[in-house]
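# Observations on the three-dimensional arrangement
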Amino acid sequence: MDSTHYEICIVGAGIVGLSTAYFLAKSGLKVVVLDKDSIGSHASGFAYGGLSPLGEAGDPETILPVFDLAQLGMKKHLEFSSDIPELSGIDYHFRFRPAIDLVFNDEELTEAKQQLKWRQQVENYKVEFIDRKSALEIVPNLNDELIGATYTEGVCDVEPYKLVLALTQSCEKLGVEILNKEITGIQIENHLATSVSTKHEKIYFEQLVLCMGPWSGNISNWLGINVPIRPLKGQILRLKSESVQLNASVGYLHNYAVTKPDGLIWAGTTEEDIGFQDSPTPYGRNSILESLTHMIHGLDEAELVYHTACLRPLSKDGKVILGPAPQTENVFLGTGAGRKGILLGPGIAKITADLVMNKQPEIDISAFSVTRFS
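On a predicted model such as this, the values are computed, not experimentally measured, just so you know.

## Focus: the overall build of the chain
On a plain count of helices and strands, the chain comes out with 8 helices and 19 strands. Whereas a compact globule of 374 residues would reach a radius of gyration of roughly 21 Å, the chain reaches 21 Å, a difference of no more than 12%. Taking the principal axes of its C-alpha atoms as reference, the chain extends roughly 65 × 40 × 40 Å. If you take every contact in the chain between residues at least 6 apart in sequence, the share linking residues at least 24 apart comes to 73%. Here the chain displays about 16100 Å² of accessible surface, and carbon together with sulfur accounts for 48% of that area.

## So, the packing of aromatic side chains
If you walk through the whole model with that rule in mind, you get 8 aromatic pairs. Put simply, the rings of Tyr22, Phe23 and Phe80 touch in pairs and so form one group of aromatic residues. Between the NZ or CZ atom of Lys30 and the centre of the ring of Tyr6, over which it lies, the distance is 5.1 Å. The cationic tip of Lys36 hangs over the ring face of Trp215; the distance from NZ or CZ to the ring centre is 4.5 Å.

## Observations concerning the sheet that holds strand E4 (residues 95–96)
Taken in spatial order, the 3 strands of this open sheet run E3-E8-E4, and their pairing is antiparallel. Taken across any chain shown, the strands that pair with only one partner, and hence form the sheet edges, are strand E3 (50–51) and E4.

## Remarks on the pattern of salt bridges
With the rule as written, the count across this model stands at 13 salt bridges. Ionic pairing is found between Glu362 and Lys75, a salt bridge with its closest N-O pair at 3.2 Å. A residue pair is termed long-range when its members are at least 10 positions apart, and Glu362 in the segment after helix H8 (341–356) and Lys75 in helix H2 (residues 60–88) qualify at 287 residues. A residue is classified by how much of its surface remains accessible, and Glu362, at 39% relative accessible area, is partly exposed. Counted as one network, the salt bridges with shared partners bring together Lys75, Lys76, Glu79, Lys350, Asp354 and Glu362.

## Observations concerning the packing of helix H1 (residues 15–26) against H8
Put simply, H1 and H8 touch, their axes get as near as 8 Å, and they point 40° apart. One element, H1, and the other, H8, form an angle in the oblique class. Once H1 is placed against H8, the crossing between them reads as right-handed. Of the residues in H8, those touching H1 at Ile15, Val16, Ser19, Thr20, Phe23 and Leu24 are Gly341, Ile342, Gly345, Pro346, Ile348, Ala349, Lys350, Thr352, Ala353 and Val356. Grouping the constituent residues of the contact of H1 with H8 by class yields 10 nonpolar, 5 polar and 1 charged.

## Details of the packing of H1 against helix H5 (residues 160–173)
When two helices pack together, their arrangement is given by the angle between the helix axes and the distance between those axes. At their nearest, the axes of H1 and H5 sit 9 Å apart, and the two run at 30° to each other. Classified by the interaxial angle, the pair formed by H1 and H5 is roughly parallel. Helix-helix and strand crossings are classified by hand; for H1 and H5 the assignment is left-handed. Mapping the contact onto sequence places Ile15, Leu18, Ser19, Ala21 and Tyr22 in H1 and Leu163, Val164, Leu167, Thr168, Ser170 and Cys171 in H5.

## A few points about the pairing of strand E19 (residues 331–335)
Each regular strand shows side chains that alternate between the opposite faces of the sheet. When you tally the buried positions in E19, you get 5 out of 5 residues, the bulk of the element. Burial along E19 is two-sided: the residues Val331, Leu333 and Thr335 and Phe332 and Gly334 are all buried. Of the pairings in the sheet, the one linking strand E12 (residues 202–210) to E19 comprises 3 bridges and is parallel in character. Residue pairing for E19: Leu210 is matched across the bridge by Leu333.

## Section: the sheet that holds strand E5 (residues 99–103)
Spatially, E6-E7-E5-E14-E15-E16-E13-E17 is the arrangement adopted by the 8 strands of the open sheet, whose pairing is mixed. Edge positions in the sheet fall to strand E6 (126–131) and strand E17 (303–315), since each of these pairs with one other strand and no more. Adjacent strand axes in the sheet meet at a mean angle of 20°, parallel and antiparallel pairs treated alike. Bridge count for strand E15 (residues 255–259) against strand E16 (residues 265–268) is 4 bridges, and the pairing is antiparallel.

## With respect to unusual backbone geometry
Peptide bonds are, in most cases, trans, and in most cases residues other than glycine have a negative phi. Cis geometry marks the peptide bond from Gly268 to Thr269; its omega dihedral reads 0°. You can see Thr269 is positioned in the loop between E16 and helix H7 (282–295). Not every positive phi belongs to a glycine, and Asn190 is a case in point at roughly 50°. Mapped onto the elements of the fold, Asn190 is located in the loop between strand E10 (185–189) and strand E11 (192–197). In this structure Asn190 comes out as exposed when scored by relative accessible area, which is 71%.

## Some points on the environment of Glu107
In this fold, Glu107 is placed in helix H3 (residues 106–119). In sequence terms Glu107 and His191 are 84 residues apart; their C-alpha atoms lie 53 Å from each other.

## Description of the nonpolar core
Residues Ile10 and Leu69 are the most contacted members of the largest nonpolar core, which totals 60 residues. Broken down by secondary-structure element, the contributors of at least two residues to this core are strand E1 (5–11), H1, strand E2 (31–35), H2, H3, H5 and H8. Membership of the second largest hydrophobic core comes to 28 residues, among which are Cys9, Trp222, Leu311 and Val370.

## Remarks on the side chain of Lys260
Topologically, Lys260 is positioned in the loop between E15 and E16. A distance of 2.7 Å separates the side chain of Lys260 from the backbone oxygen of Tyr48, its partner in a polar contact. Contact partners of Lys260, with chain neighbours within four places excluded, come to Tyr48, Arg95, Asp157, Val158, Glu159, Pro160 and Trp266.

The rules we used
- Residues numbered from 1 in each chain as written.
- Predicted model: local features only at pLDDT ≥ 70, side-chain atom pairs only at ≥ 80, totals over all residues.
- Heavy atoms only, no water.
- Helix = DSSP H or I, 4+ residues; strand = E, 2+ residues; numbered from the N terminus.
- Rg over C-alpha atoms; globule rule 2.2 N^0.38 Å.
- Contact = heavy atoms within 4.5 Å.
- Areas by Shrake-Rupley, 256 points an atom, 1.4 Å probe, with all protein chains shown as cover.
- Phe/Tyr/Trp six-rings, centres within 6.5 Å; stacked < 30°, edge-to-face > 60°.
- Lys NZ or Arg CZ within 6 Å of the ring centre and 35° of its normal.
- Pairing = 2+ DSSP bridges.
- Salt bridge = Lys/Arg side-chain N within 4 Å of Asp/Glu carboxyl O.
- Buried < 20%, exposed > 50% of the residue type's maximum accessible area, 1.4 Å probe, protein only.
- Axes fitted to C-alpha atoms, helices over the stretch in contact; angles between N-to-C directions.
- Parallel < 35°, antiparallel > 145°, perpendicular 65-115°, else oblique.
- Left-handed = near helix turned anticlockwise from the far one by under 90°.
- Nonpolar A, V, L, I, M, F, W, Y, C, P; charged D, E, K, R; others polar.
- Core = buried A, V, L, I, M, F, W, Y, C linked by side-chain atoms within 4.5 Å.
- Polar contact = N/O pair within 3.5 Å; in protein donor to acceptor, adjacent residues only side chain to side chain.

Next comes the structure, spelled out in C-alpha cells:
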C-alpha cells in the first residue's frame, strides 16, 4: 500500500468520526480521518456535554430506537472514561452529577409524572419527583416559583473540547492519520467508492465513512441519494459567579445550566434554523439569559466569560441517519444527532465500526436508514 491508500477513510473529525476511527484502529485497521477544519472547531468542541439518555421526551414506544442508541452511547462513554484519559493523558472531566428538571405549573407536572412511569423502570438510574422544598435543598438558587422537579441520578457530563482532543490523541497513538483536507468529490466504480478527491490529490481506500455533521448535505450530490441534513445553530454562555454554585444540572424545557469543573456556569441553548451562520449573537445571549434567570436567581452580578455558537446536524425528521449508503457497497453514513451529538456519538461510531468490519450491530438500526427519505 502506498501512503495515500488506506483500509478505511473517514470524512469528518467530530465526535462520530474520531470515535469511529478509535474503534477501527483498536481492531488493527489502517485509518485516515479527513476534515476541512481544525479539530473540535464545530459542534463537537462547543457543545454542552451532557450525557443523559433519559432526556428523551415522549412516549417510550415512539422513542425506543433513539433511546436504545442513547443507552449504547452512554455505555461507550463509560468505557471511554477509563480508557481514553489513560491512553491520551488528557482529563476531559467525565463525571457523574445529578439533574433536576423544573416544573412550574400543573400541565408540566402532569407531563413530568407521565415521564416518571418509564424512566423509573430503566436500570442504573434513580429517578423521582421531588417537591419544591427538596429541590431548593439541592440547589438553593432555584426560582422560588417552582412547584417541584424531576430528580435524576446516574447521568453525567464531559468537557466536549477536551474530549475531542483526548480522542484525537488516542487515535494518533493507535496509528490513525488525521489530515486537514477538504473533500471535493467521491469516485465510484461498479457500485464501489474507490477514492475521494481533494484540491490537490486523490486518497484511495477500501471502505468509506461519511460523518460530516451539518455539511452532510454534500453527500446528496456526491452519491446521488437524498441526505436531508441542515444546520441547527445553538449558542452557549459560560458565566462566572461568586455566589451561585449549581451542583446539579438544572433544566427547564430545552434550556439547561450547570457549574462545570472549570468553575463556570455553562448555560444554553438556542435552536436557530438560519443556515450556516455560526457567530454568537446578542439574540442568543439575551434568550439564554432570559431562560437562565427564569430557572435560577442570584446571577445579577455574574460575569459573562465566554459566548460560543456552533452548528449541529439536523435531519428532516429529526432522527439520526446511520448505516450503509444505498447504491454503494462500501460507504457508511453517521450523522444527524442534532442536540444529542456528544451523547449519541460513540454509539453511532460503534455501530458504524461494526458495519465496516461486517459485524452485527448491537441494536436494531433499521429506523435510522437514509432510505426512509427516498
